[in-house]
Amino acid sequence: MHGGNLRKAQENYGSHDFIDLSANINPFGPPQGVWESLKEGLREIVSYPDPECLALRTALASHLELPLEEIMVGNGAGELIFTIVNALKPRKVAIPLPTFSEYERAARSVGAEVCYITLGAEGWNGCQFTEEQWSETLKDCDLLFLCSPHNPTGSVLQLEHFARILKLCAEIDCKILFDESFFDFLPSGQYTSARTYLTNYKHLIVLYSLTKFYSIPGLRLGAAFADRSLLAQFEGFRDPWSVNTLAQKAGISALKDQKYSEEVRNKIEESRSYFYHEFEAACFPYLRIYLSTVNFALIEVLDSSISELIPYLGMRGILVRDCRNFAGLKGDFIRVAIKDISAMQKLIEALKGFYL
C-alpha cells in the first residue's frame, strides 16, 4: 500500500542494501543535533512522555509563527488523519484523486460516503474544475481532503484556486483537511502555506509533517493546526502518549537548526534539476515524466513493461513506488523520490539498461 517497506524488499530481492526511492524522505539525514538529542533522551525513556507535548508545541509555535493553542502533535500525519476523522465523523467526504490512500481509509472507517474529484496525472496543474463543478461535487459534504504539494504528482494548488474553495466550503459548512506534509520541500519564499488562512477560516485544518523533511520516519512526527475549539474536539480522540519522548526531543532539536532547511532544499533542487535533465536527455521511448515542484517525480510507463521494470530495478538495488494502486491514475505509473545525485545517476543508468 505504501513505499518504504525495506523488510518486504529484502524478502523479494534477497538483498539488504537498497537505494530506496519508494518513500519520499529527505535523503540527507536529520540535523546533527537530532542525533545528540536522541542520545540524551534515552535516559528519559523510563518515564512517560509529556502527553501535552508542550515543549515541542512551543518550538513549533515559534518556528511557524502560530499560536500555541492552535497546535496539536501526533504520531505522524497518518495518525492525525484518523484522529481528526474519528472526531468529526463526517457523513460525506470529497477526495481529489489520485492521492494518499489513508484519506479514504479514514473516511471509510467511520462509515462516511466518499465522492471523488479527478485530477489525473498532472494533479493540480491539470485541474479544470469550475466553481460550479466544485459546488456540485461538494454538495452535502462535511469534509474535503486537499493535498498540496500533491502526492503523487508533486503539483501545487494555486492560492487563487484555494481561496475560492475556502470560501465555498465556508458557505456550505464543509470542513477542509489540508495536507501540507511536503510543504518544507518547496523552494523557500515562492509559495504560501495554507496556515496563513487559519485565522479567518475556522473550518480549515492544516496537516504538517516533520517525518519527511527532517528525515525521521522511524520516529513518526506530525502536527495539525486548527482553531482551538476544533483541537479541543480532536483531543478527545487522541492517544495522550502517541508521541514518544524521543520523537518529541528530535522534533525540538530539528526545529532549532536554522541553516539545515535551506541546505536541504538546495541539495534536493540540485538533484532534481540533474535528474530531470538526464531523464530528458536519455529520450526513453516508453517513459514520460511529469513536472514536480518537490522531492519526488511521477513517471508514466507507456508500454506494458511495468511488471518487469519494477523487479528489474529491485534486483539492481533500486526501489520505486508502484503506483498502480493509486485510484484515479489511468495507465501505469511509478513514483521516484529525489535523493542525492549519485542515487539519481544510478536510476538513470538502470533505466537505460532496461529501455535502451
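Above this text you will find the structure in question.
Residues numbered from 1 in each chain as written. Predicted model: local features only at pLDDT ≥ 70, side-chain atom pairs only at ≥ 80, totals over all residues. Heavy atoms only, no water.

**Q** Give me the sheet that holds strand E13 (residues 332-337): which residues, what numbers.
**A** With respect to topology, 4 strands assemble into an open sheet ordered E9-E10-E13-E12, the strand pairing being antiparallel. Single-partner strands in this sheet number two, and they are strand E9 (287-289) and strand E12 (321-322). When E12 meets E13, the two strands line up antiparallel, connected through 2 bridges. From the neighbouring strand, Arg321 faces E13, where its bridge partner is Arg335. Most of the contacts of helix H11 (residues 306-315) go to E13, to which it runs at about 25°, and overall it touches strand E10 (296-301), E12 and E13. (Pairing = 2+ DSSP bridges. Helix = DSSP H or I, 4+ residues; strand = E, 2+ residues; numbered from the N terminus. Contact = heavy atoms within 4.5 Å. Axes fitted to C-alpha atoms, helices over the stretch in contact; angles between N-to-C directions.)

**Q** So what's going on with the pairing of strand E8 (residues 222-225)? Which residues, and what values?
**A** Here E8 shows a buried face lined by Gly222 and Ala224 and a second buried face lined by Ala223 and Phe225. Inspection of the sheet shows strand E2 (residues 71-74) paired to E8 by 4 bridges, in the antiparallel sense. Residue pairing for E8: Val73 is matched across the bridge by Ala223. Here 4 bridges tie strand E7 (residues 204-209) to E8, and the two strands are oriented antiparallel to one another. (Buried < 20%, exposed > 50% of the residue type's maximum accessible area, 1.4 Å probe, protein only.)

**Q** Before we move on, can you summarise the packing of helix H4 (residues 76-88) against helix H8 (residues 228-235) with the specific residues and values?
**A** Contact geometry for H4 and H8: axes closest at 8 Å, N-to-C directions at 95°. Classed by the angle they form, the pair H4 and H8 counts as roughly perpendicular. Along the contact surface, H4 presents Thr83, Ile84, Ala87 and Leu88, while H8 presents Leu230, Gln233 and Phe234. Tallied by class, residues from the contact of H4 with H8 come to 5 nonpolar, 2 polar and no charged. (Parallel < 35°, antiparallel > 145°, perpendicular 65-115°, else oblique. Nonpolar A, V, L, I, M, F, W, Y, C, P; charged D, E, K, R; others polar.)

**Q** Describe the nonpolar core, with residues and values.
**A** Of all hydrophobic cores here, the largest spans 93 residues; its most connected members are Leu60, Leu144, Leu146 and Phe275. The element that contributes the greatest number of residues to this core is helix H10 (residues 258-282), accounting for 7 residues. If we ignore the near neighbours within four places in the chain, the residues touching Phe275 are Ile289, Ala297, Ile299, Val336, Ile338, Met344, Leu347 and Ile348. Core analysis: the second largest hydrophobic core is formed by 26 residues, Tyr103, Ala112, Ala226 and Leu230 among them. (Core = buried A, V, L, I, M, F, W, Y, C linked by side-chain atoms within 4.5 Å.)

**Q** Before we move on, could you go through H8 and cite the residues and values that matter?
**A** Listing the buried residues of H8 in full gives Leu230, Leu231 and Phe234. Burial along H8 is one-sided: seen end-on, the buried residues are contained in an arc of 100°. Residues of H8 that are exposed and point over 90 degrees away from its buried face: Ser229 and Ala232. Elements in contact with the buried residues of H8: E2, H4, strand E6 (175-179), E7 and E8. (Arc of directions from axis to C-beta.)

**Q** Could you give an account of the packing of helix H2 (residues 32-41) against helix H9 (residues 245-256), with specific residues and numbers?
**A** Working note: a packed helix pair is described by the angle between its axes plus the distance between those axes. Interhelical geometry of H2 versus H9 gives an angle of 145° and a closest axis separation of 8 Å. You can see that H2 and H9 cross each other, and the crossing is right-handed. When H2 is examined against H9, the residues Gly33, Val34, Ser37, Leu38 and Gly41 are found in contact with a partner set consisting of Thr245, Leu246, Lys249, Ala250, Ser253 and Ala254. Residues belonging to the contact of H2 with H9 are distributed by class as follows: 5 nonpolar, 5 polar and 1 charged. (Left-handed = near helix turned anticlockwise from the far one by under 90°.)

**Q** Explain the packing of aromatic side chains to me, using residue names and the numbers behind them.
**A** Overall, the coordinates contain 22 aromatic pairs when judged by the stated rule. Taken together, a centroid distance of 6.3 Å and an interplanar angle of 40° make the contact between Phe182 and Phe185 tilted. On the accessibility criterion, Phe182 (5% relative accessible area) is buried. A residue is classified by how much of its surface remains accessible, and Phe185, at 6% relative accessible area, is buried. Members of the aromatic cluster, connected to one another through ring pairs, are Phe275, Tyr276, Phe279, Phe284, Tyr286, Tyr312, Phe354 and Tyr355. The residue whose ring lies beneath Lys212 is Phe182, and the NZ or CZ to ring-centre distance is 5.4 Å. (Phe/Tyr/Trp six-rings, centres within 6.5 Å; stacked < 30°, edge-to-face > 60°. Lys NZ or Arg CZ within 6 Å of the ring centre and 35° of its normal.)

**Q** Please set out the sheet that holds E6 residue by residue, giving values where relevant.
**A** The strand order across the open sheet formed by 7 strands is E2-E8-E7-E6-E5-E3-E4, and the pairing between neighbours is mixed. The two strands at the open ends of the sheet, each matched to only one other strand, are E2 and strand E4 (113-118). The sheet shows a mean angle of 20° between the axes of neighbouring strands, direction not considered. Running at roughly 125° to E2, helix H3 (residues 54-64) makes contact with E2, E7 and E8 of the sheet.

**Q** Report on unusual backbone geometry, specifying residues and quantitative values.
**A** Residue Pro98 follows Leu97 across a cis peptide bond; omega there is 0°. Examined against the element boundaries, Pro98 turns out to sit in the loop between strand E3 (92-97) and helix H5 (102-109). Note the cis peptide between Asn151 and Pro152, where omega equals 20°. With respect to the helices and strands, the residue Pro152 is situated in the loop between strand E5 (143-147) and helix H7 (159-172). With a phi close to 50°, Cys53 is a non-glycine residue in the positive phi region.

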